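Here is how the chains run, residue by residue.
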Amino acid sequence: MASADRRRIPLGVWVVYLNVVLYALCYQLQKPIEPFLVKRLGASNAAYGTLQSFFSAVQTVGAPVVGVLLGKYGTRAAFVVMFLASALSYGILANTDSMEMLYLSKVPSLLQHGFLVAQTAIADQTSDGATRLTALGYLTTAYTVGASIGPALGGYLGESGNYFIGAKLAVVGSLLSALIAGFAPEDRVKGATSPEASSSAAKATETKSGGGVTGGLTEMFDTAMLVLPLLGTKIIISIGNAMYQGSMPIVLRDNFKFSEYQMGLYMSSFMVSSGVFSALCVKPIAERFPGRQILVFSVGGMVAAFVGKTVAGMQIVAGADVGPAAMGWLAFTFAASLCGHLLAIVITSESTSLVPDDRRGTLMGLEHGGFSAARVVGPSLGIMLMEGGAFWHVDAAIVAIYGGVFAYWLMPRTAVAPAKGAKAKDE
C-alpha cells in the first residue's frame, strides 16, 4: 500500500521534498543562535520579541505577493526567486555586527516563503482527498528532516562562539536549492478540484471586476470567502503559536539555562517527534476520519496540552521539584506541537479542495500572510506577558485563545464545516 502511494506521487513532488529539506536545514541553522546573538549585541528580551515581529511583518507583506506570483509564473520561478532571496538574507546575517544589520537581514525574507511555494506545488501535482493529504504529510516530514538537523548543527557550531558559520553554510545551501529548482518538473494535475469548489468559485468569479491591483485584491477577497472558517482558524491559532514560539527561546535560555548546543538539540528533538508523527500517523488518521473530526481533535489536543503546560509552569514558579515539573512542561510542549502539525496539514488539505486550481497560489498566500500577520503581534505579546509576571502566563493566555476556537468548531453548524472531508477517496 505504501509503495503504491509513493508511485502516485509525481517526480516533481519528490524534487519539492528535496528542496524543502535544504530550505528547512538552512533556515533552522539560525534558530538556536538568534536569542544568544541578540543578547551579545546588547539588546533586551523585548528587543528579541520586536525582531521576531519585524520579521513577521515583512513576511506578512510578502506572502500575498508570492501567492499572486505563483498564479502568474508558476512554482518553478517562485522557487528560484525564493531561494535567491534566502541566500541574500543569510549573506547579510553572516556579516552582522549590530541590531540594525540583523534587522536588515530580515528584509529579503519578503520573498522567503518556501513552504508556501511547496504546498502550492504539491496541491497542483496531486488530486483531492487522501492522496493530497498524504503528500502534504510527507511535505511536513521533509521539512522536519531538515529542521531536525539544522538546530542541532547550528547550536553545535555556535557554541564555539562563532555565531555566523551557520549563516555562511545557509548561503551555499540556498544557492544549491535555486539551481535544483530551476530544473524541477511541473506536472500539474488538471480538474482535481471538487465540483462544489468549482461551482462556488465560478459564482465568486462573477463578482470580479477589473485587473491589476484591484483585480488581485478582489481575487484574494473572493478566495478568502470560500474558506473563511478554515482561514480564520489558522490565523487565530497562529497568534497563540507565535506567543509561545517567540517566548520559548527566552524561557529555555534564562529559566532553564540552556546553552547554544542544548537549545539546538531541544529544537531538533522537537522536530524529530513531529516528523515521526507526520510520517507514521497522518495517513492512517486521514483514511479513518473526516476532516472536521481531525480538526476538532487537533484543537482540543492543543487546549489540553497548554492546560498541562500552565499547571507545570505554576509548579516551577512556586518552587516545586523543578526536574519533574520541567519535564512535564517540555512534554506538554511536544504534545502541543504534534497536534499543531496535524491541524496545519488538515486545514491546508481541506482548504485547497475548496478552491479552483488557479486560486491555490492565492489561497496559500492568504494562509501564510495570515500566519505571518499573527506573528507580528504574537512574539512581543508573549514576552510582555512573561516579563510582566511569570512565563506560565503565556501558556494560560493561549489556553483561552485555543479554547475559543475549540468551542467554535464544536458548534453543530454545517455552515462552518469543511465542504470535503479528508477521508474522501480519489476518483
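Everything here concerns the structure above.
Only a predicted model underlies this, so the values are computations on that prediction, with no experimental measurement involved.

1. Overview of the overall build of the chain
Here comes step 1: From N to C terminus, the chain includes 16 helices and zero strands.
Here comes step 2: When the 427 residues of the chain are sorted by exposure, 59% land in the buried category.
Here comes step 3: Sequence separation of at least 24 residues holds for 86% of the intrachain contacts in the chain that already meet a minimum separation of 6.
Here comes step 4: In the form shown here, the chain has an accessible surface area of approximately 16,900 Å², with 68% of it arising from carbon and sulfur atoms.

2. Thoughts on a nonpolar patch on the surface
Here comes step 1: On the surface, a cluster of nonpolar side chains totalling about 670 Å² of accessible area is made up of Val 145, Ile 149, Leu 153, Tyr 156, Ile 165, Leu 169, Tyr 261 and Leu 265.
Here comes step 2: Considering each element in turn, the nonpolar patch owes the most residues, four residues, to helix H7 (residues 130–158).
Here comes step 3: Within the element layout of this structure, Tyr 156 appears in helix H7.
Here comes step 4: Accessibility expressed as a relative area gives 53% for Tyr 156, which makes it exposed.

3. Let's talk about empty space enclosed by the protein
It is a probe the size of a water molecule, rolled over the atoms, that shows where empty space is left.
Here comes step 1: Using the criterion set out here, one finds eight cavities of 30 Å³ or more in the structure.
Here comes step 2: Approximately 1,300 Å³ is the volume attributed to the largest cavity.
Here comes step 3: Tyr 143, Gln 245, His 341, Phe 371 and Arg 375 are the residues nearest the centre of the largest cavity, which is lined by 49 residues in total.
Here comes step 4: When contributions to the lining of the largest cavity are tallied by element, the ones reaching two or more residues are helix H2 (11–28), helix H4 (45–93), helix H6 (114–125), H7, helix H11 (228–255), helix H12 (260–288), helix H14 (322–352) and helix H15 (360–388).
Here comes step 5: For the lining of the largest cavity, the class distribution of residues is 24 nonpolar, 20 polar and five charged.
Here comes step 6: Taken together, 13 residues form the lining of the second largest cavity, with Tyr 27, Gln 30, Glu 34, Phe 55 and Lys 106 sitting closest to its centre.

4. Section: the packing of aromatic side chains
Here comes step 1: By the definition in use, this model includes 16 aromatic pairs.
Here comes step 2: Ring geometry for Tyr 27 versus Phe 55: centroids 6.4 Å apart, planes at 25°, classification stacked. With Tyr 27 in helix H2 and Phe 55 in helix H4, the pair connects residues that are 28 residues apart, well separated along the chain.
Here comes step 3: What makes Tyr 27 buried here is its relative accessible area of 19%.
Here comes step 4: Accessibility expressed as a relative area gives 10% for Phe 55, which makes it buried.
Here comes step 5: On the numbers, 5.7 Å between centres and 65° between planes, the contact of Tyr 156 with Tyr 261 is edge-to-face. Taken together, the residues span a long stretch of sequence, with Tyr 156 in helix H7 and Tyr 261 in helix H12 at a distance of 105 residues.
Here comes step 6: Residue Tyr 261 is classed as partly exposed on the basis of its relative accessible area, which comes to 30%.

5. What to know about helix H5 (residues 99–106)
Here comes step 1: Within the sequence span of H5, burial applies to Met 99, Leu 102, Ser 105 and Lys 106. Angularly, the buried residues of H5 cover 115° about the axis, an arc narrow enough to put them on a single face.
Here comes step 2: Residues of H5 that are buried in the fold lie against helix H3 (34–40) and H4.

6. Re the side chain of Lys 309
Here comes step 1: As for its placement among the helices and strands, Lys 309 is situated in helix H13 (residues 291–317).
Here comes step 2: What makes Lys 309 buried here is its relative accessible area of 1%.

7. Looking at the environment of Ser 349
Here comes step 1: Looking at where Ser 349 falls in the secondary structure, it is placed in helix H14.
Here comes step 2: Measuring from C-alpha to C-alpha, the distance between Ser 349 and Leu 136 comes to 7.5 Å, with 213 residues separating the pair along the chain.

8. What about unusual backbone geometry?
Here comes step 1: Not every positive phi belongs to a glycine, and Lys 257 is a case in point at roughly 60°.
Here comes step 2: Considering the arrangement of structural elements, one finds Lys 257 in the loop between H11 and H12.
Here comes step 3: Judged by relative accessible area, which is 63%, Lys 257 ranks as exposed.

9. Some points on the pattern of salt bridges
Here comes step 1: Going through the model one piece at a time under the given rule, you end up with three salt bridges.
Here comes step 2: Arg 253 is the salt-bridge partner of Asp 254, the closest N and O atoms lying 2.8 Å from each other.
Here comes step 3: Using a relative accessible area of 25% as the deciding quantity, one classes Asp 254 as partly exposed.
Here comes step 4: Residues Lys 309 and Asp 395 are paired through a salt bridge, measuring 3.2 Å at the closest nitrogen-oxygen approach. Of this pair, Lys 309 sits in helix H13 while Asp 395 sits in helix H16 (residues 392–410), and the two are 86 residues apart along the sequence. With respect to burial, Lys 309 and Asp 395 carry one shared label: buried.

Reading guide: rules and limits
Residues numbered from 1 in each chain as written. Predicted model: local features only at pLDDT ≥ 70, side-chain atom pairs only at ≥ 80, totals over all residues. Heavy atoms only, no water. Helix = DSSP H or I, 4+ residues; strand = E, 2+ residues; numbered from the N terminus. Buried < 20%, exposed > 50% of the residue type's maximum accessible area, 1.4 Å probe, protein only. Contact = heavy atoms within 4.5 Å. Areas by Shrake-Rupley, 256 points an atom, 1.4 Å probe, with all protein chains shown as cover. Patch = residues over 30% accessible without salt bridge, like charges linked within 9 Å, V, L, I, M, F, W, Y side chains within 5 Å. Salt bridge = Lys/Arg side-chain N within 4 Å of Asp/Glu carboxyl O. 1 Å grid on protein atoms, 1.4 Å probe; cavity = no way out; pocket = protein on both sides within 12 Å on 5 of 7 lines; lining within 4 Å. Points joined across faces, edges and corners; volume = space filled by probe spheres on them. Nonpolar A, V, L, I, M, F, W, Y, C, P; charged D, E, K, R; others polar. Phe/Tyr/Trp six-rings, centres within 6.5 Å; stacked < 30°, edge-to-face > 60°. Arc of directions from axis to C-beta.

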